[in-house]
Amino acid sequence: MRNLMLAFALLVAIARAHAARLADVVIEEPVLATRVDGKLEIETSGAVVGFTPTTVINDSLAESLRAMVMRWRFEPVVVDGRVVNAIAPVRLSLAAVPREDGAFEMKIEHLTFPDEADGREHDGGGSESRILSAKVARRVAPQYPTASLRAGVSGRVLVAVRMDEDGQVLDAVARETALYNVKGSDRRLAPYVADLEAASVRAMRRWKFDLTLAPRAPGDAEPLTGFIAFVYTIGNAGTPEQGSWTWEARTLGRPIPWLAPALADRIPGVENVGENGSFGLTKSPYRRIDGG
């Protein structure tokens, strides 16, 4: 009888934990989304004077993007104390939102500046992080949740990880998730999100990193933070391609317990972290000041 009661208590605890994960899932309305890479030209006044897509897209989309981007204005770019013209690699995350009349309205959701040197993606140069470099010393792949696999659900989970100076993982949380080519209610999609996120966090807690750190400045208590994207796909099916529109159902970005809420705008989005990860919070030298 005692064993039966213990087993029942365990099932109740598991059910409550799963219910708590589901309650934490808030899914936005599905949108058509894609990403486009290009080159952005900024003159010394901060005005954008050119945009050239490097992703293969049709002429109509290229012209629409160029019209939107050319309205932007940035703070002048300063190098070695001098204001200079700048040509920057840029990544635009686009969404086509359905309107009531059945048409779609395109908007630029995120603007990031990929680092061409090492393939990592972040908000630009000028990192304020103590992490000068990070290499994965132990990588553990997550197990594809059975229910998601059977249903053919693919997606991407952005996990925030906190590390100590030896590269040991101290904590990990799911920041944001995107499901690809699915539509449905929160109730239908939330279990898939919860399962993918739980699998990602379990795997993340077993990773280890080799970190190269800058000396700690007096009073600096910055948590050593990284962001890893776990991608779940069945073969090549469901994998979004740059320049091709894909239905995405995305969660709202959750708070990261060890980071101040004021830093939320310096946290990368789920689509803006490469397979090598992004480490530390970075500050872009390209700062938009107007242009909508």
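Residues numbered from 1 in each chain as written. Predicted model: local features only at pLDDT ≥ 70, side-chain atom pairs only at ≥ 80, totals over all residues. Heavy atoms only, no water.

Chemist: Help me out: how do you make sense of the overall build of the protein chain in this one?
Modeler: When helices and strands are counted, the protein chain shows four helices and 16 strands. Taken over 292 residues, the protein chain has a buried fraction of 45%. Across the protein chain, every contact between residues at least 6 apart in sequence was considered, and the portion connecting residues at least 24 apart equals 76%. (Helix = DSSP H or I, 4+ residues; strand = E, 2+ residues; numbered from the N terminus. Buried < 20%, exposed > 50% of the residue type's maximum accessible area, 1.4 Å probe, protein only. Contact = heavy atoms within 4.5 Å.)

Chemist: How should the pairing of strand S14 (residues 246–250) be read in this particular structure?
Modeler: The side chains of a regular strand alternate between both faces of the sheet. Burial of S14 is extensive: four of the five residues sit out of reach of the surface. One ladder, built from three bridges, connects strand S1 (residues 31–42) with S14; its direction is antiparallel. Note on S14: the bridge partner recorded for Ala33 is Thr246. When strand S11 (residues 169–180) meets S14, the two strands line up antiparallel, connected through three bridges. When the sheet's bridge partners are listed, Ala178 is paired in S14 with Arg250. (Pairing = 2+ DSSP bridges.)

Chemist: What exactly am I supposed to notice about the pattern of salt bridges here?
Modeler: Two side chains of opposite charge can pair, provided their charged atoms sit close to one another. Applying the stated criterion across every chain, the model contains nine salt bridges. The salt bridge partner of Arg216 is Glu165, with a shortest N-O separation of 3.0 Å. One end of the pair, Arg216, is in the loop between strand S12 (208–213) and strand S13 (224–232); the other, Glu165, is in the loop between strand S10 (154–163) and S11, with 51 residues separating them in the sequence. Its relative accessible area of 42% is what places Arg216 among the partly exposed residues. (Salt bridge = Lys/Arg side-chain N within 4 Å of Asp/Glu carboxyl O.)

Chemist: Even after reading the chapter, I still don't get the packing of aromatic side chains, so can you show me in this structure?
Modeler: Remark: the centre distance and the inter-plane angle together describe each pair of aromatic rings, the angle taken between the planes. For the coordinates displayed, the defined rule picks out six aromatic pairs. The interplanar angle of 75 degrees and the centroid separation of 5.3 Å between the aromatic rings of Tyr144 and Tyr232 together place this pair among those described as edge-to-face. Of the two residues, Tyr144 is situated in the loop between strand S9 (131–138) and helix H3 (146–151) and Tyr232 in strand S13; the sequence distance between them amounts to 88 residues. The two residues Tyr144 and Tyr232 agree in class, both being buried. Measuring from centroid to centroid gives 5.5 Å for Phe209 and Phe279, while their planes differ by 75 degrees, and the two rings are edge-to-face. A residue pair is termed long-range when its members are at least 10 positions apart, and Phe209 in strand S12 and Phe279 in strand S15 (residues 278–279) qualify at 70 residues. (Phe/Tyr/Trp six-rings, centres within 6.5 Å; stacked < 30°, edge-to-face > 60°.)

Chemist: I tried to follow unusual backbone geometry on my own but got confused; where do I start?
Modeler: Glycine aside, a negative phi is what most residues show, and trans is what most peptide bonds show. One non-glycine residue, Asp80, lies in positive phi territory at about 50 degrees. Tracing the chain through its elements places Asp80 in the loop between strand S4 (77–79) and strand S5 (82–84). The class for Asp80 is exposed, based on a relative accessible area of 78%. Of note, Asn181 is a non-glycine position whose phi angle comes to about 55 degrees, a positive value. As for its position among the elements, Asn181 is in the loop between S11 and helix H4 (186–204).

Chemist: In this structure, what is going on with the nonpolar core? I would like to understand it.
Modeler: For soluble globular proteins, the rule of thumb is that nonpolar side chains tend to be buried together. Membership of the largest hydrophobic core comes to 34 residues, with the highest contact counts inside it found for Met163, Leu179, Met204, Trp207, Phe209 and Phe230. For this core, the element with the most residues is H4, which contributes 10 residues. Once you skip the residues sitting within four places of it in the chain, Phe209 turns out to touch Lys135, Val136, Ala137, Met163, Asp166, Gly167, Val169, Met204, Ile228 and Phe279. Membership of the second largest hydrophobic core comes to 23 residues, among which are Leu40, Val69, Leu94 and Ile108. (Core = buried A, V, L, I, M, F, W, Y, C linked by side-chain atoms within 4.5 Å.)

Chemist: What am I meant to see in the environment of Ala217 here?
Modeler: Within the secondary structure, Ala217 sits in the loop between S12 and S13. What makes Ala217 partly exposed here is its relative accessible area of 41%. Remark: the alpha-carbon pair of Ala217 and Arg130, spanning 87 residues in sequence, is separated by 9.1 Å.

Chemist: Quick question: what am I supposed to make of the environment of Asp210 here?
Modeler: With respect to the helices and strands, Asp210 occurs in strand S12. For Asp210, a relative accessible area of 43% translates into the label partly exposed. Considered as a pair, Asp210 and Arg138 are 72 residues apart in the sequence and their alpha carbons are 9.1 Å apart. Sequence-distant contacts of Asp210, that is, excluding residues within four places in its chain, are made with Ser133, Ala134, Lys135 and Ala137.

Chemist: What should I look at first to understand helix H2 (residues 59–69) in this one?
Modeler: Since one α-helical turn is 3.6 residues long, residues separated by three or four positions face the same way. For H2, the complete set of buried residues consists of Leu61, Ala62, Leu65, Met68 and Val69. Seen from one end, H2 has its buried residues packed into an arc of 130 degrees, which puts them on one side. Every exposed residue of H2 that faces more than 90 degrees away from the buried side is listed here: Asp59 and Ser60. (Arc of directions from axis to C-beta.)

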